[in-house]
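Close look at the chain arrangement
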Amino acid sequence: MDGVHPMHNSQPAYGWIRKGQDMVLKANTGRQRLNLNGAYNLEDHEIIIQETEMINSQSTVALLKEMMRKQPQGMIYVILDNARYYRSELVRGFVEKNKRIRLLFLPPYSPNLNVIERLWKFFKKKVIYNSYYEKFALFRKFCLDFFRHLGKYKAELQTLMTDNFQLIQA
C-alpha cells in the first residue's frame, strides 16, 4: 500500500537530441496534482486505487475498508512505508478493531521492498514521462484510465509485479 502524487507538468525522462540542437518541452504551471492512494495484491494482481483530496489517516482507513470489502475473509497483510499517517491514532485504532488486518512496516528508506512502488514507476513511464497534457482534466483522465485498464499491460506487469527480491550481503 502506498500513495503517489503525479504532478500536472511535463517530466522529461529520456530522449535523444542531436548535438548542437535545442529541444523545447512544453510545460504547465505544475501546481496541480493528483493524490492517489493504492494497494496491490500480489496473489491475484488486483489493484485498488482511490483518488483523494489528500492522503492522510482518513484516506488510509478508507483504503483499508475497501481492502476488507474486496477480501471479505482471511487475513490481510499490508506492506507499507513509515509515513506518519500510517502510524496515526486513527489508523491504529481501526486496525485494533479489525483483527484481520496486519500492518507490516518496511525499514526506513527502502521503497525498493514495496512492490507497489514498481507499479508507480511503470505508471509514470507509460503516462507521465515525456508527455504533455495541456489541461489538468485531460491529465487526470489519462492517469485514471491507466489504472482502469491495467489489464492492457498484463504481459509487461507479469514479470515486474512479483515478490522476487535479491538479497545482497555486504
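Here, every reference points to the structure presented above.
This write-up is about the structure you can find in this document.

What counts, and where the lines are drawn
Residues numbered from 1 in each chain as written. Predicted model: local features only at pLDDT ≥ 70, side-chain atom pairs only at ≥ 80, totals over all residues. Heavy atoms only, no water. Buried < 20%, exposed > 50% of the residue type's maximum accessible area, 1.4 Å probe, protein only. Helix = DSSP H or I, 4+ residues; strand = E, 2+ residues; numbered from the N terminus. Arc of directions from axis to C-beta. Phe/Tyr/Trp six-rings, centres within 6.5 Å; stacked < 30°, edge-to-face > 60°. Expected span 1.5 Å × (residues − 1). Contact = heavy atoms within 4.5 Å. Pairing = 2+ DSSP bridges. Axes fitted to C-alpha atoms, helices over the stretch in contact; angles between N-to-C directions. Patch = residues over 30% accessible without salt bridge, like charges linked within 9 Å, V, L, I, M, F, W, Y side chains within 5 Å. Areas by Shrake-Rupley, 256 points an atom, 1.4 Å probe, with all protein chains shown as cover. Salt bridge = Lys/Arg side-chain N within 4 Å of Asp/Glu carboxyl O.

**Quick notes on helix H2 (residues 89-97)**
- Among the residues of H2, Val91, Phe94 and Val95 are the ones counted as buried. The arc that holds every buried residue of H2, seen down its axis, measures 95°, which confines them to one face. Turned more than 90 degrees away from the buried face of H2, the exposed residues are Glu89, Glu96 and Lys97.

**Examining the packing of aromatic side chains**
- Within this structure, the stated rule accounts for 11 aromatic pairs.
- Pairing Phe122 with Phe146 gives two aromatic rings, centres 6.1 Å apart and planes at 50°, and the pair type is tilted. Taken together, the residues span a long stretch of sequence, with Phe122 in helix H3 (residues 115-128) and Phe146 in helix H4 (residues 136-148) at a distance of 24 residues.
- Residue class for Phe146 comes out buried when judged on its relative accessible area of 3%.

**Brief notes about H3**
- Taking 1.5 Å of rise per residue, the 14 residues of H3 would be expected to cover 20 Å, and the 20 Å separating its terminal C-alpha atoms lies within 8% of that figure.
- Restricting attention to buried positions, one finds in H3 the residues Val115, Ile116, Arg118, Leu119, Trp120, Phe122, Phe123, Val127 and Ile128.
- For H3, the elements touching its buried residues are strand E1 (2-4), strand E2 (36-40), strand E3 (47-51), H4 and helix H5 (154-160).
- Note on H3: the residue one or two positions beyond its end, Asn130, has a positive phi of about 60°.

**Side note on the sheet that holds E2**
- With antiparallel pairing, the three strands of this open sheet are ordered in space as E1-E2-E3. Edge positions in the open sheet fall to E1 and E3, since each of these has one partner strand only. Strand-to-strand twist in this sheet, taken as the mean axis angle between neighbours without regard to direction, amounts to 25°.
- Note: E1 against E2, three bridges, orientation antiparallel. Looking across to E2, one finds that Val4 is bridged to Leu36.
- On top of the sheet, H4 reaches E2 and E3; it is set at about 160° to E3, its chief contact.

**A word on a nonpolar patch on the surface**
- A contiguous nonpolar patch, built from Met75, Tyr77, Ile79 and Leu104 and spanning about 370 Å² of accessible area, is present on the exposed surface.
- Note that Leu104 resides in strand E5 (residues 101-105).
- Exposure remark for Leu104: the relative accessible area of 39% places this residue in the partly exposed category.

**Let's talk about the side chain of Ser57**
- Along the chain, the position of Ser57 falls in helix H1 (residues 57-70).
- According to the relative accessible area criterion, Ser57 is buried, its value standing at 13%.
- Setting aside residues up to four positions removed in sequence, Ser57 forms contacts with Tyr85, Ser88, Leu90 and Val91.

**So, the pairing of E3**
- Examined bridge by bridge, E2 and E3 share five bridges and lie antiparallel to one another. Within the sheet, the bridge partner assigned to Gly38 lies in E3 and is Ile49.
- Hairpin geometry of E2 and E3 is characterised by an intervening segment of six residues between the two adjacent antiparallel strands and by a positive phi of about 60° at His45.

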